[in-house]
Amino acid sequence: MNKRVELALNDQIEKEASSSQYYLAMASWAENNGLNGTAKFMYLHSDEERFHMLKLIKFVNERGGTALVPAVGKPPVHFENLETVFSLLLEHEIKVTESINNLVDVCLQEKDYSTHNFVQWYVSEQLEEEALARTVLDKLKLIGGDKGGMYMFDRDLENSAIQPTNPAGPTA
Ligand code: FEO
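What you are looking at is a predicted structure, and each value in this text was computed from that prediction instead of being measured. (Residues numbered from 1 in each chain as written. Predicted model: local features only at pLDDT ≥ 70, side-chain atom pairs only at ≥ 80, totals over all residues. Heavy atoms only, no water.)

**So, the overall build of the protein**
Inclusion rule: Put simply, DSSP H or I for four residues or longer makes a helix, DSSP E for two residues or longer makes a strand, and each gets a number counted from the N terminus. Taken over C-alpha atoms, the radius of gyration is set against a globule rule of 2.2 Å times the number of residues to the power 0.38. Whether a residue is buried, partly exposed or exposed follows from its accessible area with a 1.4 Å probe, protein chains only, as a fraction of its type maximum: under 20%, in between, or over 50%, in that order. Should any heavy atoms of two residues lie within 4.5 Å, those residues are considered in contact.
For the protein, the helix and strand inventory stands at 5 helices and 0 strands. Listing each helix as α and each strand as β along the protein from the N terminus yields α-α-α-α-α. Relative to the 2.2 N^0.38 estimate, which gives 16 Å for 172 residues, the radius of gyration of the protein is 17 Å and therefore close to what a compact globule would have. Expressed along its principal axes, the backbone C-alpha trace of the protein runs to roughly 55 × 25 × 25 Å. A burial count over the protein gives 45% of its 172 residues as buried. Put simply, of all contacts in the protein between residues at least 6 apart along the chain, 80% involve residues at least 24 apart.

Take a look at the structure:
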């Protein structure tokens, strides 16, 4: 496997692993604050990021490279409020999108068209994830700081179709 591409893929593996831990921390915080809908959303999102990581690990190894299982930093324990959580989620996803775009660039520069093809799945996934985070954040901005509104928001999230893709589901 092309060494620059391998390096970029391993960098992406680290980003997906960090995302998974970050969202797991958000899920745990939400669960401890009685926000069960948000917890469900974040647990699912964390699983999804782990699935993204696994898909990359398997691809690198199948192509003759060596996937590096990364150490990841300790995520925060406390978050200010729901709006902060979803703002951080969107911010984080925007950074992941930049990293995927960089990976696409490296594939093109190195003329590695099969990896380029593989990475397109991540390009589409990022579009969906950013759109989802923006939708949720827009709802939260409408609610403002209203406690009753937050309660309804969380309950709606628990029952809603607005959820990250289930990695075990058919679209994964
Ligand atoms: Fe796998 Fe949300 O980036």
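Back to the text.
**Quick notes on the pattern of salt bridges**
Note the cut-off: The salt bridge definition used is simple: a Lys or Arg side-chain nitrogen within 4 Å of an Asp or Glu carboxyl oxygen.
The final tally for this structure, using the stated rule, is 5 salt bridges. Two residues, E110 and R4, come together in a salt bridge whose shortest N-O distance is 2.8 Å. You can see E110 sitting in the loop between α3 (82-109) and α4 (113-143) and its partner R4 sitting in helix α1 (residues 3-32), a full 106 residues away along the chain. Accessibility expressed as a relative area gives 28% for E110, which makes it partly exposed. Assessed through its relative accessible area of 39%, R4 is described here as partly exposed. As a salt-bridge pair, R63 and D112 come within 3.8 Å of each other at their nearest N and O atoms. Of the two residues, R63 sits in the loop between α2 (36-62) and α3 while D112 sits in the loop between α3 and α4, which places them 49 residues apart along the sequence. On the basis of relative accessibility, which here comes to 30%, the residue R63 falls in the partly exposed class. Judged by relative accessible area, D112 falls into the buried class, the value being 8%.

**A word on the nonpolar core**
Note that soluble globular proteins tend to have their nonpolar side chains buried in a common cluster. Note the following rule: Here the nonpolar core consists of buried residues drawn from Ala, Val, Leu, Ile, Met, Phe, Trp, Tyr and Cys, with membership extended through side-chain atoms lying within 4.5 Å.
By size, the foremost hydrophobic cluster in this structure holds 25 residues, and its most contacted members are F41, M42, L82 and F86. Ranked by the residues each element gives to this core, the list is headed by α1, at 7 residues. Beyond its immediate sequence surroundings of up to four residues, F86 is in contact with T38, F41, M42, V136, L137, L140, F153 and L157. In terms of nonpolar packing, the next biggest core, distinct from the first, is built from 19 residues, L9, I13, L56 and F118 among them.

**Side note on the confidence of the model for the protein**
Threshold: The pLDDT score gives, residue by residue, the confidence of the prediction method on a 0 to 100 scale.
Taken residue by residue, the protein gives an average pLDDT of 92. The fraction at 70 or more is 94%. Taken element by element, the protein is modelled with least confidence in helix α5 (residues 147-159), mean pLDDT 87, and with most confidence in α1, mean pLDDT 98.

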